[in-house]
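Commentary on secondary and tertiary structure
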Amino acid sequence: MYQTLTNLPRWAKSGILLAYDLLAIVAAYYAALVLRLNDIWHEAWISRSPSIIAITLMVGSVLFFALRLHTIKLAGFETNAALRTALWAAILSLGGFVVNLWLFSVPRTVPLIFGPILYLLVLGARYLALGILAWLSSGVTGKTPVAIYGAGSGGLQLLAALRSDTSYKPVLLIDNNRKLQGLMISGLKVFAPEALGDAIKRFQIGTIFLAMPSITQERRRQIIEDVKAYGCSVMELPSYLEIIQSGGILKSLRPVSIDTLLGRSGVDLEMPAIRESYTGERIMVSGAGGSIGSELCRKLLEAKPEALVLFEQSEHALYQIELELRTLANEAGTELIAKLGSVTDRKRVQQVLSQDNMSVVFHAAAYKHVPLTERNELACIRNNVLGTQVLAQEAARAGIKRFTLVSTDKAVRPTSVMGASKRLAELVVQDQQARTPGTCFASVRFGNVLGSSGSVIPLFKKQIEDGGPITVTHENVTRYFMTIPEAAQLVLLAGSFAEGADVFLLDMGEPVKIIELARQMIELSGLSVKDGENPDGDIEICITGLREGEKLYEELLIDAETLPTPHPKILRARETRFGKRQFSAIMKKLEAALEDEDALAARKILSDHAGLVEEGHFGPASRSATPA
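We now turn to the structure provided with this report.

How each quantity is defined
- Residues numbered from 1 in each chain as written.
- Predicted model: local features only at pLDDT ≥ 70, side-chain atom pairs only at ≥ 80, totals over all residues.
- Heavy atoms only, no water.
- Pairing = 2+ DSSP bridges.
- Helix = DSSP H or I, 4+ residues; strand = E, 2+ residues; numbered from the N terminus.
- Contact = heavy atoms within 4.5 Å.
- Axes fitted to C-alpha atoms, helices over the stretch in contact; angles between N-to-C directions.
- Expected span 1.5 Å × (residues − 1).
- Bend = angle between axes of the 7 residues up to and from the residue.
- Buried < 20%, exposed > 50% of the residue type's maximum accessible area, 1.4 Å probe, protein only.
- Salt bridge = Lys/Arg side-chain N within 4 Å of Asp/Glu carboxyl O.
- Phe/Tyr/Trp six-rings, centres within 6.5 Å; stacked < 30°, edge-to-face > 60°.
- Lys NZ or Arg CZ within 6 Å of the ring centre and 35° of its normal.
- Core = buried A, V, L, I, M, F, W, Y, C linked by side-chain atoms within 4.5 Å.
- Polar contact = N/O pair within 3.5 Å; in protein donor to acceptor, adjacent residues only side chain to side chain.
- Arc of directions from axis to C-beta.
- Left-handed = near helix turned anticlockwise from the far one by under 90°.
- Nonpolar A, V, L, I, M, F, W, Y, C, P; charged D, E, K, R; others polar.

**With respect to the sheet that holds strand 15 (residues 470–472)**
Strand order in the open sheet formed by three strands is 15-21-20, and the pairing between neighbours is parallel. Bordering the open sheet on either side are strand 15 and strand 20 (529–530), each of which pairs with just one other strand. Both strand 15 and strand 21 (residues 539–543) contribute to a ladder of three bridges, which runs parallel. Residue Val472 lies in a different strand from strand 21, and its bridge partner there is Ile543. In this fold helix 19 (residues 456–465) packs onto strand 15 and strand 21, with an angle of close to 145 degrees to the strand it touches most, strand 15.

**Remarks on helix 17 (residues 377–397)**
With 21 residues, helix 17 should reach 30 Å at 1.5 Å per residue; the first-to-last C-alpha distance of 29 Å fits that figure. Remark: the principal bend of helix 17, roughly 30 degrees, maps to Leu386. In terms of burial, helix 17 is largely enclosed, as 18 of its 21 residues are buried. Just past helix 17, the residue Gly399 takes up positive phi, approximately 75 degrees.

**Notes on the pattern of salt bridges**
Within this structure, the stated rule accounts for 19 salt bridges. Across the pair Asp466 and Lys462 runs a salt bridge whose closest N-O atoms are separated by 2.7 Å. On the accessibility criterion, Asp466 (52% relative accessible area) is exposed. Residue class for Lys462 comes out partly exposed when judged on its relative accessible area of 46%. When salt bridges with common partners are traced through the structure, they connect Arg282, Glu306 and Glu335 into a single cluster.

**Some remarks on the packing of aromatic side chains**
Applying the stated criterion across every chain, the model contains five aromatic pairs. A ring pair is formed by Tyr29 and Phe114, whose centres lie 4.2 Å apart and whose planes are at 20 degrees; its orientation type is stacked. On the criterion of sequence distance, the pair formed by Tyr29 in helix 2 (residues 10–37) and Phe114 in helix 6 (residues 110–138) is long-range, its members being 85 residues apart. Its relative accessible area of 0% is what places Phe114 among the buried residues. Between the NZ or CZ atom of Lys189 and the centre of the ring of Phe191, over which it lies, the distance is 5.4 Å.

**Digging into the nonpolar core**
With 41 residues, the main nonpolar core has Tyr278, Val285, Leu296, Leu308, Leu310, Phe362 and Phe446 as its most contacted residues. Among the elements that take part in this core, helix 20 (residues 484–497) stands out by supplying nine residues, more than any other. Aside from chain neighbours lying at most four places away, what touches Leu296 is Val285, Phe362, Ala364, Ala488, Val491 and Leu492.

**Notes on the environment of Gln313**
With respect to the helices, strands and loops of the structure, Gln313 is situated in the loop between strand 9 (307–312) and helix 14 (315–332). Residue Gln313 is classed as partly exposed on the basis of its relative accessible area of 45%. Each C-alpha atom, one on Gln313 and one on Leu340, is 5.6 Å from the other, the two residues being 27 residues apart in sequence. One polar contact links Gln313 to Ser342, side chain to side chain, over a distance of 3.3 Å.

**Some thoughts on the environment of Arg126**
Mapped onto the secondary structure, Arg126 falls in helix 6. Looking at Arg126, the relative accessible area reads 6%, which means it is buried. Taking the C-alpha atoms as reference points, Arg126 and Ala82, separated by 44 residues in sequence, lie 9.8 Å from one another.

**Regarding helix 4 (residues 50–66)**
Given 3.6 residues per turn, any residue in an α-helix points the same way as the ones three and four places further on. Compared with the 24 Å implied by 1.5 Å per residue over 17 residues, the 24 Å span of helix 4 between its first and last C-alpha is a close match. Within helix 4, the full set of buried residues consists of Ile52, Ile53, Thr56, Gly60, Leu63 and Phe64. End-on view of helix 4: buried residues confined to an arc of 105 degrees, all on one side of the axis. Residues of helix 4 that are exposed and angled more than 90 degrees away from the buried face: Pro50, Met58, Val62 and Ala66. Note on helix 4: the residue one or two positions beyond its end, Arg68, has a positive phi of about 55 degrees.

**Focus on the side chain of Gln433**
Structurally, Gln433 can be placed in helix 18 (residues 417–435). Residue class for Gln433 comes out buried when judged on its relative accessible area of 12%. Reaching out from Gln433, the side chain makes a polar contact with the backbone nitrogen of Phe441 at a distance of 2.7 Å. Among all residues touching Gln433, those that are not within four sequence positions of it are Thr439, Cys440, Phe441, Gly500 and Ala501.

**Some remarks on the packing of helix 15 (residues 346–355) against helix 17**
With their axes 10 Å apart at the nearest point, helix 15 and helix 17 run at an angle of 35 degrees to one another. Considering how the two elements wind past one another, helix 15 and helix 17 form a crossing that is right-handed. Side by side, helix 15 and helix 17 meet where Arg346, Val349, Gln350 and Leu353 of the first sit next to Val390, Leu391, Gln393, Glu394, Ala395 and Arg397 of the second. Taken together, the residues of the contact of helix 15 with helix 17 sort by class into five nonpolar, two polar and three charged.

This is how it looks when you write it as structure tokens:
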């Protein structure tokens, strides 16, 4: 019965509601006459009523569609719908009063009594229908009992949506507001969080929906930890903006994600400056097939540039990103150009910049995996440092307006070849700014990016899927984290804010302890940590020791003055630079070391001029300096 009613076509449901409302008009007029005349059947007045009832029925039908009452879903009947219904009844009542003055079909007060009666009949019928549907729904087999944490507006909207869904059966609400606890809201009792354990056993709840999108990150984390203790999975209702963008509450529900547990809310970096700075430009993105480069390309297409050049060394990565972006580029009216090549190939870079008449360059191509680059230091230095120099020099020669380098927090007091190579790349950009002031050069520095290649999150997920253990290099290691969209928007904003030789960075809150992140990922997977306190747990966390070049913690600033930008969460650092002659000499020494395949000499240059710290097991003393 329930499935038959809910599966009726929209026109049939609207027809049923209209038919009932028209019958309610007749019933309300009769009831108003009875109340006014104190006579169940006053034949004289009843015989004079058909004309005004007929007019009211016609006007009521028109208003039914004009006020779009037929578009109100029964499951979503709330304040706005009740107000529209009240307006419908009020217009009919007042209109009937005016028409009756002219026709004098019934006593003058009858239309005024008629309005409230009509409203109560229509409103009561809809809420009665809701109750009947909820009762029928409760008898549907196969629905999973769930609880909703949050009895506010978000929770009630979610409740209405879940009642129309065939998978879930809401059985109770949870809220820490003592004024709501014990009340019945929309047919469900509101429980205190302290009573959740007993309620879960009583109703056999396996899933809890967190419907409090406006609470702080700390409060959300605490609630999730409390709920997880009962062995329930958690789904969360995201921000209202995400609900709108996803097309509805049910579509936007998601398992609690790792980035919600990183100790800070995502930073909103959307600004008009992004669109204004890149609309109509001809833009090149190096490393366009990588995690950051590809997201940059997606964001840039939203600004509708004239052309977007995807410059990528990997044929497969270039094919994939071009295939993905082709439709978006056509919709934006942007010329999409895919170019294979390496940033270390000067002739190829010259050809691309000149042929395609670029005006903006984003340099995201880099080798970035710390252990691999420690074992292949010459390849890393050649790609990250000389590749940046080649691209920056040729961009300046081509008259590029803006050049933005994507850097990393590992460039700050680096202990790895990768970090030191990116620090030297920042210095390359600053040196090029001094030589060619006509092009605006900038670097943007951020921490680990969730979901990027080499990120700890995919590694932990794979280890959990394989049954463990999760490997953590040190129990005290911490990292800053940000999402891929945050990283891409930060790069785009840096390009629009740049004044020359700037280093931009994002206020990323507090760093995250990696061992705690591992614990949270295990628990979010519905498993438990296996340790001394819980020997029967599912996944063990093993400490493996710091890898070559790895630091216990990362920094985002060298000793430098920080300046504000138009965005409160973005900082600008101005750092001391080498003189032009001095830096030229450094680069010539580095080129010679690379030419001679002399890894020790190359590392010495990084140590002397990019701040590379080599001590303990990080340094070359612990291994042979085999050429890459």
